[in-house]
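A closer look at the structure
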Amino acid sequence: MDRIKITGGNPMNGEMVISGAKNAALPLMITSLLTDKPLTLGNMPRLADVNTLNRILGNHGVNFSVQGKRKSSDSLFGETVAYDAKDIVDTTAPYEMVSRMRASFWVLAPLLARMGEAKVSLPGGCAIGTRPVDLHLSALKALGAQIELENGYVIAKAPQGGLTGGIIDFPMVSVGATHQALMAATLAKGQTVIKGAACEPEVTDVAECLVKMGAKIEGIGTPNLTIEGVDCLGGAQHNVVADRIETGTFIMSVAMAGGDVFLKGARADTLENAIEVICQTGAQIEVQDEGIRVVKTNSDIQAIDVITMPYPGFPTDLQAQFMALMVKAKGVSRIQETIFENRFMHVQELARLGAKIQLEGDTAIVTGVDSLHGAQVMATDLRASVSLAIAALVAEGETEISRIYHLDRGFENLEEKFRGVGVQIERVSE
Ligand code: UD1
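In this text the structure is predicted, and so the values were computed from the model without any measurement.

About the thresholds
- Residues numbered from 1 in each chain as written.
- Predicted model: local features only at pLDDT ≥ 70, side-chain atom pairs only at ≥ 80, totals over all residues.
- Heavy atoms only, no water.
- Salt bridge = Lys/Arg side-chain N within 4 Å of Asp/Glu carboxyl O.
- Helix = DSSP H or I, 4+ residues; strand = E, 2+ residues; numbered from the N terminus.
- Buried < 20%, exposed > 50% of the residue type's maximum accessible area, 1.4 Å probe, protein only.
- Pairing = 2+ DSSP bridges.
- Contact = heavy atoms within 4.5 Å.
- Near = heavy atom within 4 Å.
- Polar contact = N/O pair within 3.5 Å; in protein donor to acceptor, adjacent residues only side chain to side chain.
- Areas by Shrake-Rupley, 256 points an atom, 1.4 Å probe, with all protein chains shown as cover.
- Nonpolar A, V, L, I, M, F, W, Y, C, P; charged D, E, K, R; others polar.
- Phe/Tyr/Trp six-rings, centres within 6.5 Å; stacked < 30°, edge-to-face > 60°.

**Let's talk about the pattern of salt bridges**
Scanning all chains against the criterion turns up 17 salt bridges. Here Asp-260 ties to Arg-293 by a salt bridge, and the two come within 2.7 Å at their closest N and O atoms. Of this pair, Asp-260 sits in strand 15 (residues 259-264) while Arg-293 sits in strand 17 (residues 291-296), and the two are 33 residues apart along the sequence. Assessed through its relative accessible area of 26%, Asp-260 is described here as partly exposed.

Structure, rendered in structure tokens:
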């Protein structure tokens, strides 16, 4: 199993290119199931999760091909991949595949909407809470689907003549359930109204792609979506939105290590709350046409409190990284996690580097320390693993992070990108 070693103490200077968002790329790939025409996705990140989903889609009969040749070092604008779901050969997504990645559960809605039936294993994914799927299922039921649970599988059937439009009223915000509701509604007969929809930029990106494919959606970017179902969707070309979580992670890395870095392709408009918070910690952030410049001088890191919230609030996917930054802050910071109930597994690993963090229910109380020291630590989930890398940037000596397959699931070329701005980092393969 690969490990990465980081030797702390170097500032970050130069340019980092922001990849396409994993959390948009995955549902965009899944929308290809809705049409028998090709969907071409540009700015695709090269990630383990994308490869996993390629295999799952392949199992349903989707052909995909990478367009053009690219050098592996050229991470600008990602890859262009054409997905062609002309013939769906299988409407079952088996346990072995879905258990590896939660987002693959989202194939349920497009298979059901286009083929009238689907059998999909209940999902796996990062162990950051119980993560139920009740909202996904109630949304599909509101469109007329019959749903049964059998031996760990969801078996969904559309009525004769297909799904019909309806009112979906989400009692809480769910990104995954919104993706499913939206995909199903595009092919349902008549009008669907989704209330309480997630407004995350990745949902907006998917909705905009669906519109290019011929879907009729109003209210994009708001909690109220109105969809007029169409008989069929066509092909389209769409570029994946820049990854706001990678962007926030790199901003916090510079805020921690110090330096001056330009994040090329970063979209500040998808990260306003987090940018405001990070500025308050003492980093300077300049929004430019082509990206974001982050400057951090030798001044102290200020302790700031945050509460994770659905978009446009502070993202749960940046909570672990922010905690790593607060570990070196002057003073005490309170970090409250309101989205997932078990998303503090990085706390004990950060403690191995010398962090002082106390947990009280859904809140972590971080007392900043003057120095951290390198240690052996273990990645526990995707975002937690990169928080350890951020702490390692300033730890004295070497930090070795094991189980980095978590990192490879969602960060494209992290070592290359870090090394390019002066971080001493190497991957050790066994
Ligand atoms: C997506 C993101 C993930 C991010 C999360 C929240 C992808 C691939 N993943 O995950 O990175 O952390 O949004 O922004 O895009 N819930 C229910 N019932 C349901 C569904 C969800 O109670 O049927 C709850 C969950 O337990 C959780 C909250 O809703 O407490 C948010 O979950 P959700 O937005 O669905 O997250 P994901 O779509 O899994």
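From this point, the narrative continues.
**Some words on the pairing of strand 1 (residues 3-7)**
Across five bridges, strand 1 lies against strand 26 (residues 424-428) in antiparallel orientation. Following the sheet pairing, Ile-6 is matched in strand 26 by Ile-425. Bridge count between strand 1 and strand 25 (residues 398-402): four bridges; the pairing is antiparallel. What sits directly across from Ile-4, in strand 25, is Ile-401.

**Points about the environment of Val-306**
Tracing the backbone shows Val-306 in strand 18 (residues 306-307). Here the alpha-carbon distance between Val-306 and Ile-335, two residues 29 residues apart in the chain, equals 5.0 Å. Ignoring sequence-local partners within four residues, the contact set of Val-306 consists of Val-277, Phe-314, Phe-322, Arg-334, Ile-335 and Gln-336.

**What to know about the site of the ligand**
Around the ligand sit 21 residues in total, of which Asp-134, Ser-174, Val-175, Asp-317 and Ile-339 are the nearest. Arg-102 places a polar side-chain atom, nitrogen or oxygen, 2.8 Å from an oxygen atom of the ligand. In the model, an oxygen atom of the ligand is placed 2.6 Å from a nitrogen or oxygen of the Ser-174 side chain. Here the ligand loses 90% of its free accessible area of 740 Å² to cover by the protein chains. Elements supplying a minimum of two residues to the shell around the ligand: helix 1 (22-31), helix 5 (134-142) and helix 6 (175-186). The biggest single contributor to the shell around the ligand is helix 5, with three residues. The class makeup of the residues in the shell around the ligand is 10 nonpolar, five polar and six charged.

**Thoughts on the packing of aromatic side chains**
Considering all chains together, one arrives at three aromatic pairs under this definition. On the numbers, 5.9 Å between centres and 50° between planes, the contact of Phe-250 with Phe-418 is tilted. With a gap of 168 residues between them, Phe-250 in helix 8 (residues 244-257) and Phe-418 in helix 14 (residues 414-420) connect regions that are remote in the sequence. Comparing Phe-250 with Phe-418, the two get one shared label, buried. Aromatic side chains Phe-314 and Phe-322 sit 5.5 Å apart centroid to centroid with 65° between the ring planes, which places their arrangement in the edge-to-face category. Looking at Phe-314, the relative accessible area reads 2%, which means it is buried. Residue class for Phe-322 comes out buried when judged on its relative accessible area of 0%.

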